[in-house]
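Understanding the architecture of this molecule
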Amino acid sequence: METQNLEKIFQDKIDHETKIEPRDWMPDAYRKTNLRQISQHAHSEIVGMLPEGNWISRAPSLKRKAILLAKVQDEAGHGLYLYAAAETLGQSREQMIEDLHSGRAKYSSIFNYPTLTWADMGAIGWLVDGAAIMNQVMLTRTSYGPYARAMVRICKEESFHQRQGFEILLVLSKGSDAQKAMCQDAIIRWWWPALMMFGPRDTESTNSDMSMKWKIKRKSNDELRQQFVDMIAEQVKLLNMTLPDEKLCWNENKKHYDFGEINWDEFWQVVKGNGPCNKERLAARKKAWEEGRWVREAASAYAAKQKQKQQAA
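Since we're looking at a predicted model, the values are computed, not measured. (Residues numbered from 1 in each chain as written. Predicted model: local features only at pLDDT ≥ 70, side-chain atom pairs only at ≥ 80, totals over all residues. Heavy atoms only, no water.)

What follows is about the packing of aromatic side chains. Enumeration over the complete set of coordinates arrives at 12 aromatic pairs. Ring centres of Phe 198 and Phe 228 lie 5.4 Å apart, and the angle between their planes is 50°; on these two criteria the pair is classed as tilted. One end of the pair, Phe 198, is in the loop between helix 8 (177–196) and helix 9 (208–213); the other, Phe 228, is in helix 10 (residues 221–239), with 30 residues separating them in the sequence. Accessibility classification places Phe 198 together with Phe 228 in one group, the buried group. Relative to Phe 267, the ring of Trp 264 lies with its centre 5.3 Å away and its plane at 80°, an arrangement referred to as edge-to-face. Residue Trp 264 and its partner Phe 267 are located together in helix 11 (residues 264–274), separated by 3 residues, close to a single helical turn. For the residue pair Trp 264 and Phe 267, the accessibility class agrees, reading buried in each case. (Phe/Tyr/Trp six-rings, centres within 6.5 Å; stacked < 30°, edge-to-face > 60°. Helix = DSSP H or I, 4+ residues; strand = E, 2+ residues; numbered from the N terminus. Buried < 20%, exposed > 50% of the residue type's maximum accessible area, 1.4 Å probe, protein only.)

Written out as structure tokens, the structure is:
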């Protein structure tokens, strides 16, 4: 009976838009769902630095290098905010990172695709960050307080990233024939993986119902995907480029764009770790973690020394 009362109080808080805080009672399933989602989001931000970091030294100008470097730094910060939010649910950062390195934890499958040209930096900003924003604006109102507050700043920075990516493609779309071809090629390669970012169909999303009830999510995968298609289908006209979907067309009755079917076999293959760069991404993260061990140990030793000094004083 006590558990039933606690569950009722918990759901009443959510129904009345009161944030759930770390010390509040919460169902184990709510804690686990948030921990899985927030840690996966954190991993995605950190792994997401890799395909873009690959182009910092090869960006076409000093200005472009500085902008891309700032963007990658932002993503590192996003990962740190999110790891801190996940830690409030009772799991250590070390354990979350171990889960990532061992393959037990997932990150967004979009980061397992290669970045072949400079135009990919534009496509990632416009399409990948654009899809992320579609998901993340909703998360500023998620029911778990630390997650919602972390998302406010993240969304502001991601909005800048999307505009920066679109600007890269806009410049290329007005350039030489080779630059225009590069722009179109990047859009073709990143369009379908960007649509996959919203996750499986609603009918195959096992956690959606409870996540909606608990207001962890506010909109379903398919709703968000449709919003994204409607937005990008209009924006691509400004680039004078095309999206690689013959079925893309405006549906006057629905007041939405119709679009083709995602290659779900590819989606699940990448999720399971069989994408083009899965092994490369995880190997890079493990290498960075091991090479940074001395920094973590030095920082811990310094903190312990300072604590001893304070106690002695």
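From this point, the narrative continues.
Inspection of the entire model under this criterion finds 21 salt bridges. Across the pair Lys 8 and Asp 12 runs a salt bridge whose closest N-O atoms are separated by 3.0 Å. With a gap of 4 residues between them, Lys 8 and Asp 12 both fall in helix 1 (residues 2–15), about one helical turn apart. For Asp 12, a relative accessible area of 30% puts it in the partly exposed group. Taking the shortest distance from any N to any O, the salt bridge between Asp 129 and Lys 71 comes out at 2.7 Å. (Salt bridge = Lys/Arg side-chain N within 4 Å of Asp/Glu carboxyl O.)

Mapped onto the fold, Thr 203 is located in the loop between helix 8 and helix 9. Given the relative accessible area of 75%, Thr 203 is considered exposed.

Our focus in this paragraph is the layout of surface pockets. Taken as a whole, the second largest pocket encloses approximately 300 Å³ of empty space. Considering the residues around the second largest pocket, the lining is formed by 13 residues, among which Ile 46, Leu 80, Ile 97, Arg 285 and Trp 289 are closest to the centre. Sorting the residues of the lining of the second largest pocket by element identifies helix 4 (62–87), helix 5 (93–102) and helix 12 (278–291) as the ones contributing at least two each. Here the lining of the second largest pocket gets 5 residues from one element, more than from any other, and that element is helix 5. In terms of residue class, the lining of the second largest pocket is built from 8 nonpolar, 1 polar and 4 charged. (1 Å grid on protein atoms, 1.4 Å probe; cavity = no way out; pocket = protein on both sides within 12 Å on 5 of 7 lines; lining within 4 Å. Points joined across faces, edges and corners; volume = space filled by probe spheres on them. Nonpolar A, V, L, I, M, F, W, Y, C, P; charged D, E, K, R; others polar.)

Attention shifts here to the packing of helix 6 (residues 119–139) against helix 7 (residues 145–173). Look at helix 6 against helix 7: their axes get within 7 Å of each other, and the N-to-C directions meet at 150°. It follows that helix 6 is roughly antiparallel to helix 7 by the angle criterion. Helix 6 and helix 7 meet at a crossing whose hand is left-handed. When its residues are assigned to classes, the contact of helix 6 with helix 7 shows 16 nonpolar, 8 polar and 2 charged. (Axes fitted to C-alpha atoms, helices over the stretch in contact; angles between N-to-C directions. Parallel < 35°, antiparallel > 145°, perpendicular 65-115°, else oblique. Left-handed = near helix turned anticlockwise from the far one by under 90°.)

With that settled, the discussion passes to empty space enclosed by the protein. In this structure the tally under the stated criterion is 1 cavity of 30 Å³ or more. Looking at the largest cavity, its volume works out to about 40 Å³. Lining the largest cavity are Ile 14, Glu 17, Thr 18, Lys 19, Arg 141, Thr 142, Ser 143, Lys 215 and Arg 218.

Before going further, it helps to examine helix 7. Here helix 7 is 29 residues long and its end C-alpha atoms lie 42 Å apart, about the 42 Å a rise of 1.5 Å per residue gives. Taken as a whole, helix 7 carries its principal kink of about 30° at Val 152. (Expected span 1.5 Å × (residues − 1). Bend = angle between axes of the 7 residues up to and from the residue.)

Another point: the environment of Val 229. Here Val 229 shows up in helix 10. The buried category is assigned to Val 229, whose relative accessible area is 0%. Not counting the four nearest positions on each side in its chain, Val 229 is found in contact with Trp 191, Leu 195, Leu 248, Tyr 257 and Phe 259. (Contact = heavy atoms within 4.5 Å.)

Reading predicted coordinates in detail is not appropriate for stretches of low pLDDT. When pLDDT is averaged across the protein, the result is 93; 99% of the residues are at 70 or more. Summarising per-element confidence for the protein, the mean pLDDT is lowest in helix 9 (84) and highest in helix 8 (97). (pLDDT = per-residue confidence, 0-100.)

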